[in-house]
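Here is how the chains run, residue by residue.
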Amino acid sequence: MRTVIFRFTAPYLTALMVLFSIFVLLRGHNDPGGGFIGGLIAASALAIYGIACGVAAVRRALWFHPMAISASGLFLAVVAGIFSVFAGTGFMTGLWVFPKIFGTEVALSTPLIFDIGVYLVVVGGIASIALALEERESD
Amino acid sequence: MMHGALAPSDYLVIAPVAICLLFGAALLMMRKRIDWQPWLAIPGFLLLFAADVLLLLKVAAEGPQTMMMGNWKPPFGIAFTVDMLGALFVTTAGFVGVASAIYATFSMSRTERRYGFFPFMFLMMGGVSGAFLTGDIFNLYVWFEVLLMGSFGLLILGSEREQLDGATKYCFLNLVATTLFLITTGYLYGVVGTLNMADIAQKAARLENDGAVLTIAVLYLVAFGMKAAAFPLNFWLPASYHTPRFVVSALFAGLLTKVGVYALIRVLLMLFPPQHADLATLISWVAALTMLVGAFGALAQSDMRRLLNYFVIAGIGTIFAGLALTGGEGGASATVSAASAATQAGGTAPMTGMAAAAAPLVPGSDSLVIGLSGAVFYALHSIVIMTALYLAAGTAARISGSSSLRAMGGLWRARPGLAALMLVFLFAVSGLPPFSGFWPKVILVRGAFQAGMPWLGAVILLTGFLMTVASARVFALAFWRNAPEPAVAGGPNAGFAPAGEPSPMLAMLPLLILAVFAVVAGVLPQWLVALTDVAARGIVDPAGYVGSVFGGVS
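As annotated in an unreviewed UniProt entry, chain A is Na+/H+ antiporter subunit B from Jiella mangrovi. Turning to chain A, the UniProt record has this under Subcellular location (unreviewed entry): "Cell membrane".

Dropping the structure here:
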């Protein structure tokens with residue numbers, strides 16, 4: 001699989017797919033998309049990078065261990081629920097703020113934080129499985 | 001149901017789950033910092049236990065508590081509803097969690113901690129707590145899955161060949177049981193059109209007792225019976241529980257089977273009372289056979305941990321015996337038998353403790369409540385004592401280098417403190433006074449006689465006798481007799497302990513904590529009986545549970 005063309009294009013492809021996964025994640029509240037599917041896209045981007053350039057390169061690029069990424073996502077998801085404690089409503093209630101940033105109204109919410117948590121859980125979980133499988137094959 | 005702003009104490013309903021997941025995630029993030037892990041995990045478990053106790057106190061003071069996730073209205077959103085039953089179970093689970101975490105700190109090797117013992121344990125505790133606290137039957141399924149994921153991780157800690165063998169059996173059987181649970185929940189949704197347990201309790205009461213509902217009840221019985229390791233679905237437990245680390249076995253034996261028992265009580269007794277009455281004969285047979293299989297299996301084993309596996313099964317049978325008691329034939333006979341029970345209790349005046357323990361049960365309560373109260377008491381006792389026995393067995397096995405009763409010996413001389421604690425736990429598990437196993441058995445035997453099932457009471461007593469014999473065997477072989485020759489060849493008794501042997505006092509601390517429960521619940525059972533009695537009444541008449549979910553609306 002390590003042809004020159006593939007190795008040359010894989011980083012661009014990976015970057016593009018990760019960017020697209022974030023786009024899918026952010027549009028997910030009202031349109032098709034969301035944390036889960038976004039996470040899958042990002043994980044497959046990492047898998048492609050791993051096939052092209054080796055697992056070690058992916059681990060270097062990720063910086064954190066995939067399981068740690070997954071755990072941070074779980075942490076973030078629970079934290080998204082805990083915001084409701086300060087608002088005095090039922091756990092996991094969606095809370096919204098609409099600040100104006102550079103003249104544009106941006107909708108920020110606890111569901112978004114939760115969704116980012118889901119995204120990280122999926123990226124971390126699937127990437128750790130995929131990397132483990134790719135590593136095993138090369139042994 | 002709550003309107004307007006919630007007080008911080010209202011969040012106690014969700015706190016055990018949130019604490020488990022937060023700490024589990026945080027520990028997983030710092031997986032490589034193995035020296036930090038126990039210092040974060042033990043405070044985490046203490047915090048969990050504190051939240052559990054506060055929740056129990058709140059439920060005891062104010063009755064069942066409900067929080068709707070995301071403020072969705074009752075039958076549609078996911079409800080977390082805690083009544084006395086759930087609060088008692090979750091508090092006991094937290095208690096056992098603290099002891100196990102301390103024990104694990106001193107018994108786990110560094111590589112096992114690196115592999116992630118504490119994160120998995122928090123994940124499993126989160127699943128267990130969620131199962132005890134949720135008020136939505138599909139959500140119950142989800143928590144079953146969460147605790148299974150945590151338990152899979154714990155089961156293969158160390159990745160030994162034998163562990164993978166045990167884990168395969170455990171995983172497969174548990175997946176079958178959860179799948180059955182899920183399918184049955186689908187049927188249930190088709191029949192009643194709701195997943196909220198309070199809503200189901202109301203709607204199922206209005207349904208005709210026809211084949212469909214009975215089928216659902218039977219399927220739930222099979223699914224949860226498999227989880228709880230009741231005969232004839234108990235074979236997976238002895239096949240898998242002896243392979244992981246002792247502390248993992250302890251957690252599994254203490255908690256996981258009891259989650260099945262809890263789910264059975266919640267679903268069969270609270271949601272389907274008429275179907276439960278139809279199935280009571282079947283459950284009584286299952287209970288009797290489970291008890292006997294457990295007791296005879298324990299007698300046949302020569303490995304300490306395998307023997308304890310069968311003790312778990314015998315305990316499950318005893319709990320099921322309490323669930324097999326029905327309300328008797330009509331209110332009149334129930335009051336008569338209650339009155340006769342009262343005179344009987346008066347007749348045994350010398351045993352004032354007995355009368356005092358039974359006193360809250362007698363006025364106006366039928367044998368259904370008595371049996372359920374005894375079953376809940378026994379389940380709580382069993383959570384603590386089975387965990388304690390496995391932990392004590394782990395310490396004993398580490399000291400003597402083997403868990404086979406043939407190779408062990410001389411522990412009484414080497415470790416008198418451990419031997420004394422082991423004796424307490426063995427007395428408790430056999431149901432001998434003055435420890436915690438005695439009172440629930442008294443309640444259950446009395447309930448069985450009162451419900452017109454003296455044979456079931458006799459089986460409980462016979463099982464107690466057989467377990468006493470098996471316990472005596474453990475104590476005589478592993479502790480009392482002198483160490484057998486091959487062990488002596490290794491050096492003078494305590495000398496062959498592994499180099500990483502922790503100081504005895506710290507390793508004993510969790511056992512001491514658990515022994516406190518065995519003694520307190522054995523000497524002063526009234527407070528606990530009063531609580532389990534409230535729990536049993538809350539299940540038999542779920543008006544408080546339903547009211548907490550729907551408020552004044554319906």
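Alright, that's what it looks like, and here's the rest.
(A) Examining the overall build of chain B more closely. Within chain B one finds 24 helices and two strands. Counting the 554 residues in chain B, one finds 61% classified as buried. Considering only contacts in chain B between residues 6 or more positions apart, those separated by 24 or more positions represent 83%. A total accessible area of about 19,000 Å² is found for chain B, and carbon and sulfur atoms account for 71% of it.

(B) A look at the packing of aromatic side chains. This structure, assessed with the given rule, holds 32 aromatic pairs over all chains. Both rings, one in Phe8 of chain A and one in Tyr12 of chain A, keep their centres 5.6 Å apart while their planes meet at 55°; by these two values the pair is tilted. In this pair, Phe8 of chain A and Tyr12 of chain A both sit in helix 1 (residues 4–27), four residues apart, roughly one turn of the helix. Each member of the pair, Phe8 of chain A as well as Tyr12 of chain A, is classed as exposed. Its end group placed over the ring of Phe246 of chain B, Arg305 of chain B keeps NZ or CZ at 3.9 Å from the ring centre.

(C) Structural context of the confidence of the model for chain B. All names here are of chain B. Confidence in the prediction for chain B averages 83 pLDDT; 87% of positions are at 70 or higher. Model confidence for chain B, summarised as mean pLDDT per element, is weakest for helix 14 (residues 330–347) at 40 and strongest for helix 5 (residues 117–133) at 93. Confidence drops under pLDDT 50 across residues 329–364; counting only partners more than four residues distant or on other chains, this segment forms 33 contacts. Counting interchain partners and residues more than four positions distant, the pLDDT-below-50 stretch residues 487–500 has 11 contacts. The ipTM assigned to the predicted complex is 0.88, against a pTM of 0.88.

(D) Examining the side chain of Thr93 of chain A more closely. Mapping Thr93 of chain A onto the fold places it in the loop between helix 4 (66–87) and strand 1 (96–97). By relative accessible area, Thr93 of chain A is classed as buried at 11%. For Thr93 of chain A, the contacting residues outside a window of four places in its chain are Ser84 and Thr110 of chain A together with Gly70 and Asn71 of chain B.

(E) Expanded view of the layout of surface pockets. Size it by volume and the largest pocket reaches roughly 1,600 Å³. Along the wall of the largest pocket there are 42 residues; nearest its centre are Ser70, Leu74 and Val121 of chain A together with Leu123 and Met149 of chain B. Breaking the lining of the largest pocket down by element, the ones donating at least two residues are helix 4 and helix 5 (110–138) of chain A together with helix 1 (15–29), helix 5 and helix 6 (137–155) of chain B. For the lining of the largest pocket, the per-class residue count stands at 32 nonpolar, eight polar and two charged. Taken as a whole, the second largest pocket encloses approximately 390 Å³ of empty space. Surrounding the second largest pocket, 19 residues form its lining, His29, Ser109, Thr110, Pro111 and Leu112 of chain A being those nearest its centre. Where the lining of the second largest pocket is concerned, the elements lending two or more residues are helix 1, helix 4 and helix 5 of chain A. If you tally residues by element for the lining of the second largest pocket, the top one is helix 5 of chain A, at five residues. A breakdown of the residues in the lining of the second largest pocket according to their chemical character gives nine nonpolar, eight polar and two charged.

(F) Focus on the pairing of strand 2 (residues 79–82) of chain B. Residues and elements named next belong to chain B. Side-chain alternation along strand 2 places Ala79 and Thr81 on one buried face and Phe80 and Val82 on a second face that is also buried. Across four bridges, strand 1 (residues 65–68) lies against strand 2 in antiparallel orientation. When the sheet's bridge partners are listed, Met68 is paired in strand 2 with Ala79.

(G) Representation of a nonpolar patch on the surface in the model. Together, Val516, Val519, Val520, Val523, Leu524 and Trp527 of chain B make up a nonpolar patch on the protein surface, roughly 510 Å² of accessible area in all. Relative to the assigned elements, Leu524 of chain B resides in the loop between helix 22 (504–523) and helix 23 (526–540).

(H) Structural context of the UniProt feature "transmembrane region" (unreviewed entry) in chain A. Residue and element names in this part refer to chain A. Using the residue numbers shown here, the UniProt feature "transmembrane region" (unreviewed entry) corresponds to residues 12–29, 35–57, 69–92 and 112–133. Here residues 12–29 runs as 89% helix and 0% strand, with 28 Å between its end C-alpha atoms. With 96% helix and 0% strand, residues 35–57 has its two end C-alpha atoms placed 25 Å apart.

(I) The arrangement of the UniProt feature "domain: Na+/H+ antiporter MnhB subunit-related protein" (unreviewed entry) in chain A in detail. According to UniProt, the feature "domain: Na+/H+ antiporter MnhB subunit-related protein" (unreviewed entry) maps to residues 5–126 of chain A in the numbering used here. Across residues 5–126 of chain A, the secondary structure splits into 73% helix and 7% strand, with the terminal C-alpha atoms separated by 26 Å.

(J) Spotlight on helix 6 of chain B. An ideal rise of 1.5 Å per residue puts 27 Å on 19 residues; helix 6 of chain B measures up with 26 Å between its terminal C-alpha atoms. Burial of helix 6 of chain B is extensive: 14 of the 19 residues sit out of reach of the surface.

(K) Molecular detail of the pattern of salt bridges. One pass over the structure, following the stated rule, counts seven salt bridges over all chains. Linking Glu135 of chain A and Arg59 of chain A is a salt bridge whose minimum nitrogen-to-oxygen distance equals 3.1 Å. Pair noted here: Glu135 of chain A is in helix 5 and Arg59 of chain A is in helix 3 (residues 55–62), with a separation of 76 residues, a long-range link. In this structure Arg59 of chain A comes out as partly exposed when scored by relative accessible area, which is 29%. Here Glu62 of chain B ties to Lys58 of chain B by a salt bridge, and the two come within 3.2 Å at their closest N and O atoms. In this pair, Glu62 of chain B and Lys58 of chain B both sit in helix 2 (residues 37–62), four residues apart, roughly one turn of the helix. Residue Lys58 of chain B is classed as buried on the basis of its relative accessible area of 10%. Overlapping salt bridges, with partners in common, bring together Asp10, Lys58 and Glu62 of chain B in one network.

(L) Spotlight on the packing of helix 9 (residues 211–228) of chain B against helix 11 (residues 246–271) of chain B. Residues and elements named next belong to chain B. Running from amino to carboxyl end, helix 9 crosses helix 11 at an angle of 160°, the nearest separation of the two axes being 7 Å. Relative to helix 11, helix 9 is oriented roughly antiparallel. Here the hand of the crossing between helix 9 and helix 11 comes out left-handed. Between helix 9 and helix 11, the residues in contact are Ala217, Tyr220, Leu221, Phe224, Lys227 and Ala228 and Leu256, Thr257, Gly260, Val261, Ala263, Leu264, Val267 and Leu268, respectively. Among the residues making up the contact of helix 9 with helix 11, the classes are represented as 11 nonpolar, two polar and one charged.

(M) Main features of the nonpolar core. Residues and elements named next belong to chain B. Phe311 and Phe425 are the most contacted members of the largest nonpolar core, which has 204 residues in total. Counting residues per element, this core draws most heavily on helix 16 (residues 367–400), which supplies 23 residues. Once you skip the residues sitting within four places of it in the chain, Phe311 turns out to touch Ala298, Met386, Leu389, Leu426, Val429, Met467, Ala470 and Ser471.

(N) A look at the environment of Leu173 of chain B. Inspection of the secondary structure assignment puts Leu173 of chain B in helix 7 (residues 161–192). Taking the C-alpha atoms as reference points, Leu173 of chain B and Lys227 of chain B, separated by 54 residues in sequence, lie 8.5 Å from one another.

(O) Representation of the interface of chain B and chain A. Between chain B and chain A, the contact holds 18 residues from the first and 18 residues from the second. Together, the buried faces of chain B and chain A total about 1,500 Å²; carbon and sulfur atoms form 77% of this surface. Three residues stand out in chain B for area buried against chain A, namely Tyr11, Leu22 and Met29 of chain B, and they jointly supply 35% of the buried area on that side. Connecting chain B to chain A are zero salt bridges. Across the contact surface, chain B and chain A share four residue pairs in polar contact (both at pLDDT 80 or more).

About the thresholds
Residues numbered from 1 in each chain as written. Chains lettered and ligands numbered in written order. Predicted model: local features only at pLDDT ≥ 70, side-chain atom pairs only at ≥ 80, totals over all residues. Heavy atoms only, no water. UniProt positions renumbered as here; feature names shortened; annotations may be inferred. Helix = DSSP H or I, 4+ residues; strand = E, 2+ residues; numbered from the N terminus. Buried < 20%, exposed > 50% of the residue type's maximum accessible area, 1.4 Å probe, protein only. Contact = heavy atoms within 4.5 Å. Areas by Shrake-Rupley, 256 points an atom, 1.4 Å probe, with all protein chains shown as cover. Phe/Tyr/Trp six-rings, centres within 6.5 Å; stacked < 30°, edge-to-face > 60°. Lys NZ or Arg CZ within 6 Å of the ring centre and 35° of its normal. pLDDT = per-residue confidence, 0-100. 1 Å grid on protein atoms, 1.4 Å probe; cavity = no way out; pocket = protein on both sides within 12 Å on 5 of 7 lines; lining within 4 Å. Points joined across faces, edges and corners; volume = space filled by probe spheres on them. Nonpolar A, V, L, I, M, F, W, Y, C, P; charged D, E, K, R; others polar. Pairing = 2+ DSSP bridges. Patch = residues over 30% accessible without salt bridge, like charges linked within 9 Å, V, L, I, M, F, W, Y side chains within 5 Å. Salt bridge = Lys/Arg side-chain N within 4 Å of Asp/Glu carboxyl O. Expected span 1.5 Å × (residues − 1). Axes fitted to C-alpha atoms, helices over the stretch in contact; angles between N-to-C directions. Parallel < 35°, antiparallel > 145°, perpendicular 65-115°, else oblique. Left-handed = near helix turned anticlockwise from the far one by under 90°. Core = buried A, V, L, I, M, F, W, Y, C linked by side-chain atoms within 4.5 Å. Buried area = accessible area lost by both parts, 1.4 Å probe. Polar contact = N/O pair within 3.5 Å; in protein donor to acceptor, adjacent residues only side chain to side chain.

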